[in-house]
Amino acid sequence: DIVMQNETGKEIKLSSLSSDKILLVFYSTDCPHCTELLPELYKLYKEQKSNKIEVLAISLDENRVAWQEYIKTNGYNWINVNDTSAWSSKAARDYYIYATPTMFLVDKTRRLITMPGDVGEIRKVL
């Protein structure tokens, strides 16, 4: 399970999400590939909202204030969580995250559907 705080400090658990498909996105605001991917991903998220896909955007940023400003500035209103332990966080260790962005698309039973490399691969599955 992934348990982290959202931008307001509320604890969010992956196990509590009930969407048919959940996209886990590990990213960092100082990662150039991430800042290119997230706007494309957000566009897809808005298009696919009716298809019961949820995005759990997992920030590996150490600076919580800068992360909060980043999601506010970009208007990302999907589920945003952060652990300032960053690469040492339990989620990063549990999911063997060694690069960002890293994505996992899972079904409602948390079974892995695919590990997409880009938005195009997600579109194909949806």
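Our structure's up above, just so we're on the same page.
Residues numbered from 1 in each chain as written. Predicted model: local features only at pLDDT ≥ 70, side-chain atom pairs only at ≥ 80, totals over all residues. Heavy atoms only, no water.

A. The arrangement of the overall build of the protein in detail. From N to C terminus, the protein includes four helices and seven strands. Principal axes of the C-alpha set define a box for the protein whose edges measure 35 × 25 × 25 Å. Relative to its 126 residues, the protein shows a buried fraction of 45%. Look at the contacts in the protein between residues 6 or more apart in sequence, and 66% of them connect residues 24 or more apart. Accessible surface computed for the protein: about 6900 Å², of which carbon and sulfur atoms make up 48%. Charge centroids of the protein, computed over 16 positive and 17 negative side chains, lie 8 Å from each other. (Helix = DSSP H or I, 4+ residues; strand = E, 2+ residues; numbered from the N terminus. Buried < 20%, exposed > 50% of the residue type's maximum accessible area, 1.4 Å probe, protein only. Contact = heavy atoms within 4.5 Å. Areas by Shrake-Rupley, 256 points an atom, 1.4 Å probe, with all protein chains shown as cover. Lys, Arg positive; Asp, Glu negative; His and termini not counted. Charge placed at Lys NZ, Arg CZ, Asp CG, Glu CD.)

B. Molecular detail of helix 2 (residues 64–74). Regarding helix 2, the residues found buried are Arg 64, Trp 67, Tyr 70 and Ile 71. Looking straight down helix 2, one finds its buried side chains confined to an arc of 120°; they lie on one side. Along helix 2, the residues that are exposed and aim more than 90 degrees away from the buried face are Val 65, Lys 72 and Thr 73. Summarising the contacts, the buried residues of helix 2 are in contact with strand 1 (3–5), strand 3 (21–27), helix 1 (32–48), strand 4 (53–59) and strand 5 (79–82). (Arc of directions from axis to C-beta.)

C. How the structure looks around the packing of aromatic side chains. Scanning the model with the defined rule gives ten aromatic pairs in all. Considering the side-chain rings of Tyr 42 and Trp 78, the 5.2 Å spacing of their centres and the 80° angle between planes classify their relative orientation as edge-to-face. Here Tyr 42 is found in helix 1, whereas its partner Trp 78 is found in the loop between helix 2 and strand 5, with 36 residues between them in sequence. Owing to a relative accessible area of 14%, Tyr 42 belongs among the buried residues under this scheme. With centroids separated by 5.7 Å and ring planes inclined at 65°, the aromatic side chains of Tyr 45 and Trp 78 adopt a geometry described as edge-to-face. Taken as a pair, Tyr 45 in helix 1 and Trp 78 in the loop between helix 2 and strand 5 lie far apart in primary sequence, 33 residues in all. (Phe/Tyr/Trp six-rings, centres within 6.5 Å; stacked < 30°, edge-to-face > 60°.)

D. Seen up close, the side chain of Thr 100. Tracing the chain through its elements places Thr 100 in the loop between helix 3 (90–94) and strand 6 (102–107). A residue is classified by how much of its surface remains accessible, and Thr 100, at 15% relative accessible area, is buried. Residues in contact with Thr 100, not counting those within four places in the same chain, are Phe 26, Tyr 27, Ser 28, Cys 31, Cys 34, Leu 60 and Trp 87.

E. How the structure looks around the nonpolar core. Within the largest apolar cluster, 23 residues are counted, with the highest numbers of intra-cluster contacts made by Leu 23, Val 25, Tyr 27, Leu 38, Leu 41 and Trp 78. When contributions to this core are tallied by element, the ones reaching two or more residues are strand 3, helix 1, strand 4, helix 2, strand 6 and helix 4 (119–125). A per-element tally of this core places helix 1 first, with seven residues. Ignoring any residue separated from it by four or fewer positions in sequence, one finds Leu 41 in contact with Leu 23, Val 25, Trp 78, Met 103, Val 119 and Ile 122. In this structure, Ile 22, Phe 26, Ala 91 and Phe 104 belong to the second largest nonpolar core, which totals 18 residues. (Core = buried A, V, L, I, M, F, W, Y, C linked by side-chain atoms within 4.5 Å.)

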